[in-house]
Amino acid sequence: MKIVVCVKHVPDIQSDRSLGPDGRVVRDGGDGTLNELDENAVEAALVLAAAAGESEVVALTVGPAEAADAVRRALQMGADGAVHVLDDAVAGSDVFGTTAVLAAAVRHLDAQGHVDLVLTGMAALDGLTSLLPAALAAELDLPQLTMVAEVAVEDAVVRVRRELDSASEELTAPLPALVSVTDQANSPRYPNFKGIMAARAKPVTVLGLADLGVDPATVGAAGSRTRIVEAAPRPPREDRVLITDDGTAGTQLARYLVDRKLV
Amino acid sequence: MTEPVTDPATDVPTGPVVVLLDHHTVDGAPRLRPPVLELLTLARGLAASTGSPVHAVAVEPGLAQAAAEELGRYGVARVHDVVLPGADPHLTPVVAEALTAVVRTDDASAVLLASTFENKEVAARLAVLTGAGVVSDATGVTQEDGVVVVSKTVFAGTWTTRCAITTPLAVVLVKANAVPAETVADPTTPQVEPHEVTVSPSALRATLVRRTERAASGRPELAEAQTVVAGGRGTDGDFSPVEELADVLGGAVGATRVATDEGWIGHESQIGQTGVTISPQLYIGAGISGAVHHRGGMQASGTIVAVNTDPESPIFEIADFGIVGDLFTVLPQAAEEIRRLRG
Ligand SMILES: Cc1cc2nc3c(=O)[nH]c(=O)nc-3n(C[C@H](O)[C@H](O)[C@H](O)COP(=O)(O)OP(=O)(O)OC[C@H]3O[C@@H](n4cnc5c(N)ncnc54)[C@H](O)[C@@H]3O)c2cc1C
Ligand SMILES: Nc1ncnc2c1ncn2[C@@H]1O[C@H](COP(=O)(O)O)[C@@H](O)[C@H]1O
């Protein structure tokens, strides 16, 4: 089974994140990481590959030079190889630009050997759009199994369980398919020393838009369907109160809420 | 950074603003969810600036008829009652194709949907099918020089942005509680139009084998509630003080991932980046440290109250009213005092 797992390099969510004058995420802090939720996707890929035997897991990222760290991490966890789509024309892409590039890269990999499964995280913790998995499934015309807490493949059929706010669902689809996993799906492994050493020898293929036959005008800032016109840090909250309970804090809280007409 | 919304569209789009109706089932009958009324209010504002009407789309059988009168109070001109032969309206690709068909018939200028995980999938496919631009988790939407401009917060509510959608069709996913729902002075009588849509094989590649609806909690839905009381590891599994205060306030109960992972409360109660994103008027967090993953789902709340025994907890950095104290004494006392003040 050949599995492509989409991984994104994002600013560490523990860091001070900001938007630059162009409205884009500032990515020069050097404190970027593999999007945490994509670790769940890599873990799911490795588990499914091991269960299927005779498998290959390819990590795929679209992003600037630093994004190499994200694929490196996936390789350290155990992915067999990686593709990094690196092209200045991609900068400033919105989700649909990124989707078009990822789709082209998946087709490229498929041409080299049939891709059975495309795995993604449920959301990238920078933009948190959660739009990409469904868009990518539509673009590739694959069955879409998203927000998955449990996934198994048997006899070329993928079977999943997903937990939504209002319901729990079970879905099936024939391979090839696209699956996005939540953080409920598994606990991602930490790369061990052996994994870190092995990753050094693993191939990372760097591709540009020309390699993928993607017209640069359709992606990047030029192809983006949205444009940030204003961005500012939210002003700090004013009139903040911090008290230590002297036995009346509950009463004080009640009065605070009543005074502010919050109850 | 501020820059004017440049290159105003030469032809200001005047097509209708379309709202996807979300519903829940009350006493066996489909009913509109409260955020839909907020969407209709926003849609009216958007439509009014170009003199276009507001249309609604129902994909659940029976919803269009059941909701028509209420939709009239919110100024809806037409309801597309979508019929999907042989397709399950619970599959989001099916809903996306239904919406695409309506948008094309209507020549719509904008589509508004409630910002839920399911609707994000609907919006993503709709955008791939129509070339529309999408903004999710919006807190406001206006029309400026013929361009749809959306407000949203990013990075766990620490930044506010305004984003222009530059495509002829704008798709906006709006967070609950973005605006108060307002009825119109002169209710309309919406035309209910049956609209049969045959979906493509593409939308039916996955099969829904089983769907189990969660039993209603009797409390407001977490994502929609005006007031949320949430508990974390500090409850040590005893959510009764959290529930008591929520009930006194008529609010929803939420939790951190630690609490849901421990099985103290259902996963659907998890607030945060991998759970529900909330923006109620009032959030009260008890026994919650305020990890960045949790903050990402609640930092946009109106007033934030935190009760925690540890004065160093990061949640105090964002609290409007912080109490260093034990939730097991503070919460019951607050509930008691609110009952007393109400008489
Ligand atoms: C990929 C990923 C996604 C995640 N997504 C989410 C998410 O969506 N939502 C989420 O919530 N978490 C999420 N987490 C987990 C998150 O990082 C934190 O671990 C979690 O939010 C902490 O929960 P907590 O505040 O209940 O527990 P803790 O951090 O252990 O805090 C408990 C607090 O309770 C206080 N306390 C103890 N006893 C009392 C008492 N009697 N009265 C008052 N206070 C008391 C303590 O002082 C402490 O501050 C995610 C983690 C990862 C890695
Ligand atoms: N630039 C990218 N490169 C590779 N994968 C991506 C990229 N952007 C998003 N993804 C994948 O899509 C998922 C959802 O992202 P999003 O829709 O942006 O929240 C992520 O968890 C990744 O698996």
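Residues numbered from 1 in each chain as written. Chains lettered and ligands numbered in written order. Predicted model: local features only at pLDDT ≥ 70, side-chain atom pairs only at ≥ 80, totals over all residues. Heavy atoms only, no water.

S.K.: What is the right way to read the overall build of chain B from this model?
M.R.: In terms of helices and strands, chain B carries 8 helices and 17 strands. Computed over its C-alpha atoms, the radius of gyration of chain B comes to 21 Å, within 12% of the 20 Å expected for a compact globule of 343 residues. When the backbone C-alpha atoms are referred to their principal axes, chain B occupies close to 60 × 50 × 45 Å. Counting only residues that meet the buried cut, chain B has 58% of its 343 residues in that class. In chain B, the share of contacts with a sequence separation of at least 24, taken over all contacts with a separation of at least 6, comes to 65%. (Helix = DSSP H or I, 4+ residues; strand = E, 2+ residues; numbered from the N terminus. Rg over C-alpha atoms; globule rule 2.2 N^0.38 Å. Buried < 20%, exposed > 50% of the residue type's maximum accessible area, 1.4 Å probe, protein only. Contact = heavy atoms within 4.5 Å.)

S.K.: Where do I start with a nonpolar patch on the surface in this structure?
M.R.: Taken together, A:Leu86, A:Val204 and A:Val206 make up a surface patch of nonpolar side chains, about 210 Å² in accessible area. If you trace the backbone, A:Leu86 turns up in the loop between β5 (81-85) and α3 (95-112). (Patch = residues over 30% accessible without salt bridge, like charges linked within 9 Å, V, L, I, M, F, W, Y side chains within 5 Å. Areas by Shrake-Rupley, 256 points an atom, 1.4 Å probe, with all protein chains shown as cover. Salt bridge = Lys/Arg side-chain N within 4 Å of Asp/Glu carboxyl O.)

S.K.: Before we go on, may I ask you to explain the sheet that holds strand β11 (residues 204-207) of chain A in this structure?
M.R.: The strands that make up a sheet pair up through hydrogen bonds in the backbone, lying either parallel or antiparallel. A sheet is described by the order of its strands in space; here 10 strands give the open sequence β11(A)-β5(A)-β4(A)-β1(A)-β6(A)-β10(A)-β7(A)-β8(A)-β9(A)-β12(B), paired in mixed fashion. Edge positions in the open sheet fall to β11 of chain A together with β12 (207-213) of chain B, since each of these has one partner strand only. Each neighbouring strand pair of the sheet contributes to a mean axis angle of 25°, computed without reference to strand direction. One ladder, built from 3 bridges, connects strand β1 (residues 2-6) of chain A with strand β6 (residues 117-121) of chain A; its direction is parallel. Bridged to A:Val4 within β6(A) is A:Val118. Together, β1, β4 (56-62), β5, β6 and β11 of chain A form the strand contacts of α3(A), whose direction differs from that of β4(A) by roughly 150°. (Pairing = 2+ DSSP bridges. Axes fitted to C-alpha atoms, helices over the stretch in contact; angles between N-to-C directions.)

S.K.: Is there a simple way to explain the packing of α3(A) against helix α4 (residues 132-140) of chain A in this structure?
M.R.: Each pair of packed helices can be summarised by the angle the axes make with each other and by the distance between the axes. Residue and element names in this part refer to chain A. Taken N-terminus to C-terminus, the directions of α3 and α4 make an angle of 50°; their axes are 9 Å apart at the nearest point. With respect to α4, the axis of α3 lies oblique. Along this stretch, α3 crosses α4, giving a crossing that reads as right-handed. On α4, the residues that touch Val95, Phe96, Thr98, Thr99, Leu102, Ala103, Val106 and Arg107 of α3 are Leu132, Ala135, Leu136, Glu139 and Leu140. The residue inventory of the contact of α3 with α4, partitioned by class, reads 9 nonpolar, 2 polar and 2 charged. (Parallel < 35°, antiparallel > 145°, perpendicular 65-115°, else oblique. Left-handed = near helix turned anticlockwise from the far one by under 90°. Nonpolar A, V, L, I, M, F, W, Y, C, P; charged D, E, K, R; others polar.)

S.K.: Is there a simple way to think about the site of ligand 1 in this case?
M.R.: Residue and element names in this part refer to chain B. In the neighbourhood of ligand 1, 29 residues make up the surrounding shell, with Arg233, Thr256, Ile271, Ser289 and Asn308 lying closest. A distance of 3.1 Å separates an oxygen atom of ligand 1 from a polar backbone atom of Gly287. Contact with the protein chains hides 80% of the accessible area of ligand 1, taken as 990 Å² for the molecule alone. When the residues that make up the shell around ligand 1 are grouped by side-chain class, the tally is 7 nonpolar, 16 polar and 6 charged. (Near = heavy atom within 4 Å. Polar contact = N/O pair within 3.5 Å; in protein donor to acceptor, adjacent residues only side chain to side chain.)

S.K.: Looking at this structure, I do not really get α3(A). What am I missing?
M.R.: In this model, α3(A) (18 residues) spans 26 Å end to end at C-alpha, consistent with the 26 Å of a helix rising 1.5 Å per residue. When we look at burial in α3(A), the residues that qualify are A:Val95, A:Phe96, A:Gly97, A:Thr98, A:Thr99, A:Val101, A:Leu102, A:Ala103, A:Ala104, A:Ala105, A:Val106 and A:Leu109. (Expected span 1.5 Å × (residues − 1).)

S.K.: What am I meant to see in the sheet that holds strand β9 (residues 159-165) of chain B here?
M.R.: Pairing is mixed in the open sheet, where 10 strands are placed in the order β12(A)-β9(B)-β8(B)-β7(B)-β10(B)-β6(B)-β1(B)-β4(B)-β5(B)-β11(B). Edge positions in the open sheet fall to β12 (226-233) of chain A together with β11 (191-196) of chain B, since each of these has one partner strand only. Across the sheet, the axes of successive neighbouring strands diverge by a mean angle of 30°, strand direction being ignored. Looking at chain direction, strand β5 (residues 78-83) of chain B and β11(B) are connected through 6 bridges and run parallel. When the bridges of β11(B) are listed, B:Val79 appears paired with B:Val192. Of the strands in this sheet, β1 (17-20), β4 (54-58), β5, β6 (110-114) and β11 of chain B are in contact with helix α3 (residues 92-106) of chain B, which crosses β5(B) at around 135°.

S.K.: Would you explain the packing of α4(A) against helix α4 (residues 117-130) of chain B in this entry?
M.R.: Contact pair α4(A) / α4(B): the axes reach a minimum separation of 8 Å and the direction vectors enclose 40°. By the criterion of interaxial angle, the relationship of α4(A) to α4(B) is oblique. Handedness of the α4(A)/α4(B) crossing: right-handed. Residue-level inspection shows A:Ala134, A:Ala135, A:Ala137, A:Ala138 and A:Glu139 of α4(A) in contact with α4(B), the latter providing B:Glu121, B:Ala124, B:Arg125 and B:Val128.

S.K.: What exactly am I supposed to notice about the domain arrangement of chain B here?
M.R.: When the parts come together, some accessible area is lost, and that loss is often what is quoted as the size of the interface. Residue and element names in this part refer to chain B. Here the domain parsing of chain B yields domain 1 (17-204) and domain 2 (227-342). Placing the centre of domain 1 and that of domain 2 at their C-alpha centroids yields a distance of 31 Å. Counting from both sides, the interface comprises 8 residues of domain 1 and, opposite them, 8 residues of domain 2. Overall, the association of domain 1 and domain 2 removes approximately 600 Å² of surface from exposure, summing both partners, and the carbon and sulfur fraction of that is 52%. Between domain 1 and domain 2 we count 0 salt bridges in total. If you look at where domain 1 meets domain 2, you find 2 residue pairs in polar contact (both at pLDDT 80 or more). When grouped by side-chain class, the residues that make up the side of domain 1 that touches domain 2 number 3 nonpolar, 4 polar and 1 charged. (Domains from an automatic or database assignment. Buried area = accessible area lost by both parts, 1.4 Å probe.)

S.K.: What am I meant to see in the interface of chain A and chain B here?
M.R.: The interface is formed by 82 residues belonging to chain A together with 95 residues belonging to chain B. Both sides together, the interface formed by chain A and chain B hides about 7700 Å², and carbon and sulfur atoms give 54% of it. Joining chain A to chain B, the criterion identifies 9 salt bridges. Here B:Asp320 and A:Arg237 are joined by a salt bridge, their closest N and O atoms 2.8 Å apart.

S.K.: Looking at this model, I keep getting lost on the site of ligand 2. Mind explaining?
M.R.: Residue and element names in this part refer to chain A. Neighbouring ligand 2 are 19 residues, the closest being Cys6, Asp38, Val62, Ala124 and Leu132. A total of 480 Å² of accessible area belongs to ligand 2 in isolation, and the protein chains cover 96% of it. Where the shell around ligand 2 is concerned, the elements lending two or more residues are β4, α3, β6 and α4. Broken down by element, the shell around ligand 2 gets its largest block of residues, 3 residues, from β4. Counted by class, the shell around ligand 2 contains 10 nonpolar, 7 polar and 2 charged residues.

S.K.: Looking at this model, I keep getting lost on the confidence of the model for chain B. Mind explaining?
M.R.: All names here are of chain B. Across chain B, the average pLDDT comes to 93, with 96% of residues at 70 or higher. In this model residues 1-10 is a low-confidence stretch, pLDDT under 50, and it forms 24 contacts with partners more than four residues away in sequence or in other chains. The complex model carries a pTM of 0.92, and its ipTM stands at 0.92. (pLDDT = per-residue confidence, 0-100.)

S.K.: Sorry if this is basic, but what is going on with unusual backbone geometry here?
M.R.: The peptide bond linking A:Leu175 to A:Pro176 adopts the cis configuration, its omega dihedral lying at 0°. Considering the arrangement of structural elements, one finds A:Pro176 in the loop between β9 (167-174) and β10 (177-181). Phi angles above zero are rare outside glycine, and A:Glu54 is one such case at about 45°. Among the secondary structure elements, A:Glu54 is positioned in the loop between α1 (36-52) and β4. Take A:Glu54: its relative accessible area is 81%, and that puts it in the exposed class. With a phi close to 55°, B:Asp107 is a non-glycine residue in the positive phi region. Relative to the assigned elements, B:Asp107 resides in the loop between α3 and β6.

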